[in-house]
Amino acid sequence: MIKRILTVLLLFPTLVCAQINTDRVMTIARNALYFEDYVLSIQYFNQVINAKPYLYEPYFFRALAKLNLEDFQGAEADCDAAIQRNPFVVGAYQIRGLARIRQSKFDGAIEDYQKALHYDPENITLWHNLTLSHIQKKDYNSAKEDLESLLKVSPRYTRAYLMRGEVSLQQKDTIAALTDFNKALELDKYDPDAWAARAIVKLQQSKYAEAESDFDRAIHLSAKNAGNYINRALARFHQNNLRGAMSDYDLALDIDPNNFIGHYNRGLLRARVGDDNRAIEDFDFVIQMEPDNMMAVFNRGLLRAQTGDYRGAIQDYTTVINQYPNFLAGYYQRSEARRKIGDKKGAEQAEFKVMKAQIDKQNGVTNKDVAQNKDKADGSGDEDGEKTRKKSDKNMNNYRKIVIADDSEAEQRYTSDYRGRVQDKNVNITLEPMFALTYYEKMSDVKRSVNFHKYIEDLNRTGILSKRLRITNMEAPLTEEQVKFHFALIDTHTSAIVADEKSASKRFARAIDFYLVQDFSSAVADLTQTILLDGDFFPAYFMRALIRCKQLEYQKAEQAAETNIPGDKRKEITAVDYEVVRKDLDKVINLAPDFVYAYYNRANVSAMLKDYRAAIADYDKAIELNPDFADAYFNRGLTHIFLGNNKLGISDLSKAGELGIVSAYNVIKRFTDQTE
């Protein structure tokens, strides 16, 4: 998510103006932003802006939240306000640059990155985005100048070589491109984009076996990139491996079901091997996506005729002829279909059209469309000796050709790779998160087992809580309506607590609401009171441990951004600070030894502190209690790898993948060919 890339950016204004003390609302707002609860964070930043409109920080952070919610215009406006109040904040120019890029304001973005680099000339992210902005404008010379500067700052930054290689390809210099892609692979042989980039060059050089080999490596390292399967299919097609190509299109469409090229080309290949009905299904899908794609309509017409649906075929041929009245192959095929249904007159009319065009050609009456179609009226022309066509190619004679991406689409390989907002392209090798008790859970594409514990179910049945409590490590951020709902609930709980100060359950209920609106300090205070009132209520210990761990995580991130501040006396976070977290989890395990999520969370804490053997002991116990605990297998697998036990790690990751954690396969591919 955004943590790895944006931690410094999130906290940057503290670097610039450390003497400013943010109030409690600002702290809560930044907590919400750090934990990706963007709608909630905006609510808090609004409060700060209303109270102190002269501060730049709330505008800056609100811009960041809006950027992540894809409100690019709003993000730009907030950055304007932040820069008006403090023109020296590098992060504000960076965020405004991203917001402008998303609105195709590339000149403005370039201006922002150049201004930011004036203050921070060694910032790799700024050079990266400046380069991509110049590429978007097709200003390739400026892009190469940017990359020269970037490589002086960071000579081992592989992305720079990939971008420079892409620029060379746009300038038709495949030799220079290949040199840069080889350099990127020399620096990082585990970068799937580097293998894919070199494979593209090999395709252009008609070195199809070498291209396939490079795509194999790219897919091995990044199994969920549909484009690599599409391109490997092309390499296989050129080697007449139609079954292999078809298999790749199947895999690509499993990942990206709406991929136009995948459906169109698979339809062509299915037709070639006689799988006509399923080929029709592919062309049906293409036509649904692009109703005016006449090549797909014509191919479907041919297939309908092949399967005996002559009326459907005639309908498709007529649609094409109405668009391309000089497309002789359409008339020829329609005449054949009409003859099949006994429409002799209609067939003869079409045949006359074809014959007249051929006579006109012989008599020197040239019509460009007719001339192009003359030898292809029966669909058996030589197709100009080419096996492929660009997606934008509208020449109907090329209806049988495999589709490849246009140059404009190929350019997008790196121009979507702007830094500073979204997660890394590759799966980050990080532990699965800790579990929480909350009301909201993210939807997952892959169905995993339901997390259950009898005590929590019994608690839900009491009706004490406003909603059903869930055990999850996929917490969902609040919507605007949910934010209002839980703020109102906090007021309701407060009134109830005033009326009954000795109720542990009412304190716990309010603590959950405070947690959901990211007010961690108030949540911990209520949980502590819950424990004082009922020392055997283990959910309170469990949630207090989780919240304190999140507080420490945020404080560590803040420290990482402030390490260069002269005179910063803030206490460093150490293993000792996590002892209170461990003690709470120890208490949970003592009170509820079958609560598997306490062992899992304690293992995560140990892993964060690099106490890997203690972590493995707790993951072992969690898996013993729940043999289908996917997250525990995944984290234990990573922990084994951290200890150098790749074989054990891959075994656990394989089980995690089997149980629904898809990213496990990406990690397996990275470490399978590494020696112990």
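Cut-offs applied
- Every chain's residues receive numbers from 1 upward, in the order its sequence appears when written.
- Restriction of local features to residues with pLDDT of at least 70 applies here, the model being predicted, together with a cutoff of 80 or more for giving and counting side-chain atom pairs; totals for whole chains, interfaces and linings are based on all residues.
- Hydrogens and waters are ignored; side-chain quantities use all the structure's heavy atoms.
- Helix and strand assignments follow DSSP, with helices taken as H or I runs no shorter than four residues and strands as E runs no shorter than two, numbered in order from the N terminus.
- The buried label applies to any residue whose accessible area, calculated with a 1.4 Å probe on protein chains only, is under 20% of its type's maximum; exposed applies above 50%, and partly exposed to all values in between.
- In this analysis, two residues are considered to be in contact whenever any of their non-hydrogen atoms come within 4.5 Å of each other.
- A pair is scored as a salt bridge if a Lys or Arg side-chain nitrogen falls within 4 Å of a carboxyl oxygen belonging to Asp or Glu.
- Here a Phe, Tyr or Trp ring, Trp counted by its six-membered ring, pairs with any other such ring whose centre lies within 6.5 Å, and the pair is stacked when the planes are under 30 degrees apart, edge-to-face when over 60, and tilted otherwise.
- The rule for a charge over a ring is simple: NZ of Lys or CZ of Arg within 6 Å of the ring centre, and within 35 degrees of the ring normal.
- Each helix should span, by expectation, one fewer than its residue count multiplied by 1.5 Å.
- Residue-level confidence of the predictor is summarised by pLDDT, bounded by 0 at the bottom and 100 at the top.
- Here an angle of 0 to 180 degrees is reported between the N-to-C directions of two axes, which are lines fitted to C-alpha atoms, with helices fitted over the stretch in contact.
- Note that the term roughly parallel is reserved for angles under 35 degrees, roughly antiparallel for angles over 145, roughly perpendicular for angles of 65 to 115, and oblique for everything else.
- Each crossing gets its handedness from the near helix: less than a right angle anticlockwise from the far helix is left-handed, clockwise is right-handed.
- Nonpolar core, defined: a set of buried Ala, Val, Leu, Ile, Met, Phe, Trp, Tyr and Cys residues in which side-chain atoms within 4.5 Å join the residues together.
- Each residue gets one of three labels, nonpolar for Ala, Val, Leu, Ile, Met, Phe, Trp, Tyr, Cys and Pro, charged for Asp, Glu, Lys and Arg, and polar for the others, Gly among them.

A count of helical and extended segments in the protein chain gives 35 helices and four strands. The buried share of the protein chain, taken over its 676 residues, is 53%. When contacts within the protein chain are restricted to residue pairs at least 6 apart in sequence, those whose partners lie at least 24 apart make up 59%.

This brings us to the pattern of salt bridges. Counting across every chain of the model gives 47 salt bridges. Of the charged contacts, one joins Arg198 and Asp214 as a salt bridge, the two residues approaching to 2.8 Å between their closest N and O atoms. Placement of Arg198 in helix α12 (residues 192-204) and of Asp214 in helix α13 (residues 208-221) is noted, with a sequence separation of 16 residues between them. Side by side, Arg198 and Asp214 carry an identical accessibility label, which is buried.

With that settled, consider the packing of aromatic side chains. Applying the stated criterion to the full structure yields 29 aromatic pairs. Their ring planes at 70 degrees and their centres at 5.1 Å tell us that Phe60 and Phe61 sit as a pair that is edge-to-face. Of the two residues, Phe60 and Phe61, both sit in the buried class. Ring geometry for Tyr439 versus Tyr440: centroids 6.4 Å apart, planes at 90 degrees, classification edge-to-face. On the basis of relative accessible area, Tyr439 is assigned to the buried category, the value being 4%. What links up through ring pairs into an aromatic cluster is the set Phe435, Tyr455, Phe508, Phe537, Phe538, Phe542, Phe595, Tyr597, Tyr600, Tyr619 and Phe629. Cation over ring: Arg389 sits above Tyr264, and NZ or CZ is 5.0 Å from the ring centre. Here the basic side chain of Lys391 rests over the ring of Phe260, its NZ or CZ set 4.7 Å away from the ring centre.

For helix α5 (residues 72-85), spanning 14 residues, the distance from its first C-alpha to its last is 20 Å, which sits close to the expected 20 Å at 1.5 Å a residue. Every buried residue of α5 is accounted for by Phe72, Gly74, Ala75, Glu76, Asp78, Cys79, Ala81, Ala82 and Ile83. In this fold, the buried residues of α5 make contact with α4 (57-68) and α6 (90-102).

Low pLDDT means the predicted coordinates in that region are not meant to be read closely. When pLDDT is averaged along the protein chain, the result is 86; 86% of the residues meet or exceed 70. In the predicted structure, residues 366-384 sits below a pLDDT of 50 and forms 35 contacts with residues beyond four places in sequence or in another chain.

Attention shifts here to the side chain of Thr438. Relative to the elements of secondary structure, Thr438 occurs in strand β3 (residues 436-438). Excluding its chain neighbours within four sequence positions, the residues that come into contact with Thr438 are Arg468, Leu469, Arg470, Thr472, Glu475 and Leu516.

Helix length check: α4, at twelve residues, gives a terminal C-alpha distance of 17 Å against a target of 16 Å (1.5 Å per residue), a fit within 8%. All of the buried residues in α4 are Glu57, Pro58, Tyr59, Phe60, Phe61, Arg62, Ala63, Leu64, Ala65, Lys66, Leu67 and Asn68. Once α4 ends, the next one or two residues include Glu70, with phi positive near 65 degrees.

Moving on, we get to the side chain of Asp652. For Asp652, the position within the fold is in helix α34 (residues 646-658). For Asp652, a relative accessible area of 7% gives the class buried. Not counting the four nearest positions on each side in its chain, Asp652 is found in contact with Tyr633, Arg636, Gly637 and His640.

Moving on, we come to unusual backbone geometry. Leaving glycine out, the prevailing phi sign among residues is negative, and the prevailing peptide bond configuration is trans. One non-glycine residue, Ser206, lies in the positive phi region at around 60 degrees. Within the fold, Ser206 resides in the loop between α12 and α13. A positive phi angle, near 65 degrees, is found at Lys610, a position not held by glycine. Here Lys610 shows up in the loop between α31 (596-608) and α32 (612-625). By relative accessible area, which is 61% here, Lys610 ends up exposed.

The geometry of α31 relative to α32 is characterised by a closest axis approach of 8 Å and an angle of 160 degrees between their N-to-C directions. Taken together, the axes of α31 and α32 are roughly antiparallel relative to one another. In this structure, the crossing between α31 and α32 has a hand that is left-handed. Listed contacts from α32 to Val596, Tyr599, Tyr600, Arg602, Ala603, Asn604, Ser606 and Ala607 of α31 are Tyr612, Ala614, Ala615, Asp618, Tyr619, Lys621, Ala622 and Leu625.

Bringing the nonpolar core into the picture now. Among the nonpolar cores identified, the biggest contains 196 residues, and Tyr264, Phe298, Phe508, Phe542, Met543 and Phe595 are the most heavily contacted of them. Filtering out sequence-adjacent residues up to four positions away, Phe595 remains in contact with His453, Ile456, Ile471, Phe538, Phe542 and Val588.

Moving on: the packing of α5 against α6. Two numbers describe how α5 lies on α6: the axes approach to 9 Å, and their chain directions differ by 150 degrees. Put simply, α5 runs roughly antiparallel to α6. Where α5 crosses over α6, the handedness of that crossing is left-handed. Residue-level contacts link Phe72, Ala75, Glu76, Cys79, Asp80, Ala82 and Ile83 of α5 to Ala92, Tyr93, Ile95, Arg96, Ala99, Arg100 and Arg102 of α6. Here the residues of the contact of α5 with α6 are counted per class, giving nine nonpolar, no polar and five charged.

The subject of this paragraph is the environment of Asp620. Topologically, Asp620 is positioned in helix α32. When its relative accessible area of 34% is taken as the criterion, Asp620 is described as partly exposed. Between the C-alpha atom of Asp620 and that of Ala632, which follows or precedes it by twelve residues, the distance is 8.1 Å.

Moving on, we come to the environment of Ile661. You can see Ile661 is positioned in the loop between α34 and α35 (663-671). Residues Ile661 and Tyr633 lie 28 residues apart in sequence; the distance between their C-alpha atoms is 9.7 Å.

What follows concerns the environment of Ala233. Within the element layout of this structure, Ala233 appears in helix α14 (residues 226-238). Sequence separation between Ala233 and Arg266 is 33 residues, and the spatial gap between their C-alpha atoms is 9.6 Å. Beyond its immediate stretch of four places on either side in the chain, Ala233 contacts Ala245, Asp248 and Tyr249.

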